[in-house]
Amino acid sequence: MAGSGNAHMRPEHGPLLSVDDMVVEFPVGRRQVVHAVSGLNIDLLPGETLGILGESGCGKSSAGRAIMQEPAPTSGGVRLAGTELTGLKGRSLRRDRAKMQMIMQDPVSSLNPRRKVHDLVSEGLRIWGYDGDDLDGAIRETLTAVGLDPDTVWDRRAHELSGGQCQRVCIARALMMNPDVLICDEPVSALDVSVQAQILNLLERTKETYDLSMIFIAHDVSVVKNISDRVMVLYLGKTCEVLPSTDMQTRALHPYTRTLIASIPGGEEVVAADDPVAGPVADAKPQAATMTELPSPLNPPSGCRFRTRCALATDRCAAEEPQLREVGPGHFIACHEVAAG
Ligand SMILES: Nc1ncnc2c1ncn2[C@@H]1O[C@H](COP(=O)(O)OP(=O)(O)OP(=O)(O)O)[C@@H](O)[C@H]1O
Ligand SMILES: [Mg+2]
């Protein structure tokens, strides 16, 4: 039930969730394939918030859904608390995945319009056949925890709620399953700015209260940076940089990351500090990239997928895919031209 401890689920050491070389492809027509996610690796530590950042269409939601096995990835592994989820089906999948919940991208349309709030919030538990006497009490407790008055919203349907209230219902739905891992897919991008802050605060408080690890997916640099411990930057289905969020403003190196930072208000003023390991970053200035349209994931560029928008690109970038390598503590980058040597 919501609010009880999760510590028993956790392995003594190592990540709570591991994603290993995950590939997500969608066949289109007879011959074509959308390469939505191409070899993603994630280790999510207990209590950690990992931000996944990238522009629209870079594969963030596909990655989140594949981690949830909705649908399962084309290839690669997903281990939750030591259990491999890929290959599981039906009841065993639902059982072993129950400790991971996902808040889907669009809060309003992710809720069944015919169901009332108390039904929506308890749906997951009822699917499991839970009909304890205290179910109503648990629903009330969870609605209160997400800042909703149970008496007011109990019998409402999604269209009778604001966007922020819908998102609170989605969070309550997830919390009812007592998860260890919460995947939030763009949880605030559909909301008014004033409501965004409330939902972000709620998620941060919830994380502490319910002892959660979180994957926080968004395209907004400031939002991701503020809520995350680490940030993974995704471009056309591949990771181009992973770094501690406290280093985002000062140490981000990949031309794509720097372009994203430059696109936020005041972001152009950000000047990366020289890194003792990676060396000077003068070459990595954001103007290194020109943000034309995202190339098609049907036919991603060879080598470095970012090269077609990167002013630093050389022949090597077309011929050879850059691998992620460590350039500082907890800081990884996949780029031939920046921080080379
Ligand atoms: N079911 C599907 N069938 C075919 N292509 C798909 C499917 N789902 C996603 N895609 C494609 O995969 C790519 C990645 O999409 P995805 O929704 O994962 O991106 P995203 O980073 O979440 O974008 P956004 O920020 O707009 O939510 C896109 O080109 C998208 O059109
Ligand atoms: Mg998405």
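Structure: above.
Keep in mind that what you see is a predicted model, and the values were worked out from it rather than measured. (Residues numbered from 1 in each chain as written. Chains lettered and ligands numbered in written order. Predicted model: local features only at pLDDT ≥ 70, side-chain atom pairs only at ≥ 80, totals over all residues. Heavy atoms only, no water.)

## Comments concerning the coordination of the magnesium ion (ligand 2)
In step 1: Around the magnesium ion (ligand 2), the protein supplies Ser61 (OG) and Gln105 (OE1) as donor atoms, at distances of 2.0 to 2.3 Å. Taken together, the residues span a long stretch of sequence, with serine 61 in helix H1 (residues 60–67) and glutamine 105 in the loop between strand S6 (100–103) and helix H3 (117–127) at a distance of 44 residues.
In step 2: Given the relative accessible area of 36%, glutamine 105 is considered partly exposed. (Donors = N, O, S within 2.8 Å, 3.2 Å for Na, K, Ca; no water. Helix = DSSP H or I, 4+ residues; strand = E, 2+ residues; numbered from the N terminus. Buried < 20%, exposed > 50% of the residue type's maximum accessible area, 1.4 Å probe, protein only.)

## Digging into the pairing of strand S1 (residues 17–28)
In step 1: Relative to strand S4 (residues 75–80), S1 is paired through five bridges, and the arrangement is antiparallel. Bridging across to S4, serine 18 finds its partner in arginine 79.
In step 2: Pairing analysis gives 10 bridges linking S1 to strand S2 (residues 32–44), with the strands arranged antiparallel. Note on S2: the bridge partner recorded for valine 23 is serine 38.
In step 3: Linking two consecutive strands that pair antiparallel, namely S1 and S2, is a turn of three residues; a positive phi of about 65° is found at glycine 29 within it. (Pairing = 2+ DSSP bridges.)

## Description of the packing of helix H6 (residues 163–175) against helix H7 (residues 193–210)
In step 1: Relative to each other, H6 and H7 sit at 15°, their axes nearing to 10 Å. One way to sum up the angle between H6 and H7 is to call them roughly parallel. Considering the relative orientation of H6 and H7, their crossing is right-handed. Each of Gly164, Gln167, Arg168, Ile171 and Leu175 in H6 lies in contact with H7, whose residues at this interface are Val195, Gln198, Ile199, Leu202, Leu203, Thr206 and Tyr210.
In step 2: Across the contact of H6 with H7, the residue classes tally to seven nonpolar, four polar and one charged. (Axes fitted to C-alpha atoms, helices over the stretch in contact; angles between N-to-C directions. Parallel < 35°, antiparallel > 145°, perpendicular 65-115°, else oblique. Left-handed = near helix turned anticlockwise from the far one by under 90°. Contact = heavy atoms within 4.5 Å. Nonpolar A, V, L, I, M, F, W, Y, C, P; charged D, E, K, R; others polar.)

## Quick look at the site of ligand 1
In step 1: Close to ligand 1 lie 15 residues; Ser56, Gly57, Lys60, Ser62 and Gln105 are nearest.
In step 2: Within the side chain of serine 61, an N or O atom sits 2.9 Å from an oxygen atom of ligand 1.
In step 3: Look at ligand 1: alone it shows 640 Å² of surface, and the protein chains cover 66% of it.
In step 4: Listing elements by their share of the shell around ligand 1, those giving two or more residues are S2 and H1.
In step 5: Sorting elements by how many residues they give to the shell around ligand 1 places H1 first, with four residues.
In step 6: The residue inventory of the shell around ligand 1, partitioned by class, reads five nonpolar, six polar and four charged. (Near = heavy atom within 4 Å. Polar contact = N/O pair within 3.5 Å; in protein donor to acceptor, adjacent residues only side chain to side chain. Areas by Shrake-Rupley, 256 points an atom, 1.4 Å probe, with all protein chains shown as cover.)

## Let's talk about the packing of aromatic side chains
In step 1: All told, the structure shown has three aromatic pairs when counted by the stated rule.
In step 2: Both rings, one in tyrosine 256 and one in phenylalanine 306, keep their centres 5.1 Å apart while their planes meet at 55°; by these two values the pair is tilted. Residue tyrosine 256 is located in helix H10 (residues 255–262), and its partner phenylalanine 306 is located in the loop between H10 and helix H11 (315–319); the two are separated by 50 residues in the primary sequence. A single burial state applies to tyrosine 256 and to phenylalanine 306, both of which are buried.
In step 3: Ring-pair connections join several aromatic residues into one group, and the members of that group are Tyr235, Tyr256 and Phe306. (Phe/Tyr/Trp six-rings, centres within 6.5 Å; stacked < 30°, edge-to-face > 60°.)

## What about the state of the cysteines?
In step 1: Counted by the stated rule, this structure contains zero disulfides.
In step 2: In this structure cysteine 304 is a free cysteine whose sulfur lies 6.0 Å from that of cysteine 317, the closest cysteine sulfur available.
In step 3: For cysteine 304, a relative accessible area of 13% translates into the label buried. (Disulfide = S-S within 2.5 Å.)

## Examining the packing of H3 against H6
In step 1: Running from N to C, H3 and H6 cross one another at 35°; their axes reach a closest spacing of 7 Å. Of the two possible hands of crossing, H3 and H6 adopt the one that is right-handed. Along the contact surface, H3 presents Val117, Leu120, Val121 and Glu123, while H6 presents Val169, Ala172 and Arg173.

Interpretation in functional terms is not warranted from these geometric data alone.
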